[in-house]
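Here's the letter readout for the chains.
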Amino acid sequence: QVQLVESGGGLVQPGDSLRLSCAASGGTFTSYAMGWFRQAPGKEREFVAAIGRIIGSTYYADSVKGRFTISRDNSKNTGYLQMNSLKPEDTAVYYCAVASPAMLISRSANDVHYWGQGTQVTVSS
């Protein structure tokens, strides 16, 4: 059983930056790919970004490519999502996830093994 705890969300203005963190415990972090999903009110949970287990190949949704950067520090069992040039449409609850490598290609929540509790990101002027 892996426990994931996100932090770093908040209220920011358009164009600002935020860095989300995801601390993992209770399992072998390097056994899993890691990803971030988000869910806005009234919408389905959607893929944002993912990173491989060790080498760190990264994958992004088109809507965030060039603005968001996913990374992980396996020595700290922690993953990150650096979000720059934030837009109002980025407003959502952001969820950290660990998953099978299949998620890197499928980008599907169905391939997620464990979820964090979520952290709210609100982008508004």
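This is a predicted model, so every value here is computed, not measured. (Residues numbered from 1 in each chain as written. Predicted model: local features only at pLDDT ≥ 70, side-chain atom pairs only at ≥ 80, totals over all residues. Heavy atoms only, no water.)

Caption draft 1: Local environment of the pairing of strand β11 (residues 119–123). The alternating pattern of β11 places T119, V121 and V123 on a buried face and Q120 and T122 on a face that is not buried. In terms of strand pairing, strand β9 (residues 92–99) meets β11 through three bridges, oriented antiparallel. In the sheet register, V93 faces β11, and the bridge partner there is Q120. (Buried < 20%, exposed > 50% of the residue type's maximum accessible area, 1.4 Å probe, protein only. Helix = DSSP H or I, 4+ residues; strand = E, 2+ residues; numbered from the N terminus. Pairing = 2+ DSSP bridges.)

Caption draft 2: Just the sheet that holds strand β8 (residues 78–83), in detail. Here we have four strands laid out as an open sheet, ordered β1-β3-β8-β7, and antiparallel in their pairing. Unpaired on one side and paired on the other, β1 (3–7) and β7 (68–73) mark the two borders of the sheet. This sheet shows a mean twist of 15° between the axes of neighbouring strands, independent of strand direction. Where β7 and β8 come together, six bridges link them in antiparallel fashion. By the bridge assignment, I70 is partnered in β8 with L81. (Axes fitted to C-alpha atoms, helices over the stretch in contact; angles between N-to-C directions.)

Caption draft 3: Quick peek at the nonpolar core. One finds W36, V48, F68, I70, L81, M83 and Y94 to be the most contacted residues of the largest nonpolar core, which totals 38 residues. Mapped by element, the contributors of at least two residues to this core are β3 (18–25), β4 (33–39), β5 (46–51), β7, β8, β9, α1 (102–106) and β11. Top element by residues in this core is β9. It accounts for six residues. Residues in contact with Y94, not counting those within four places in the same chain, are E6, L20, W36, F37, R38, V48, F68, L81, M83, G118, T119 and V121. (Core = buried A, V, L, I, M, F, W, Y, C linked by side-chain atoms within 4.5 Å. Contact = heavy atoms within 4.5 Å.)

Caption draft 4: Expanded view of the state of the cysteines. Tallied over the entire structure, the rule returns one disulfide. In this model, C22 is linked to C96 through a disulfide, with the two sulfur atoms separated by 1.9 Å. Between C22 and C96, the disulfide has an S-S torsion of -70° and is therefore left-handed. Highlighted residues: C22 in strand β3 and C96 in strand β9, separated in sequence by 74 residues. What makes C22 buried here is its relative accessible area of 0%. (Disulfide = S-S within 2.5 Å.)

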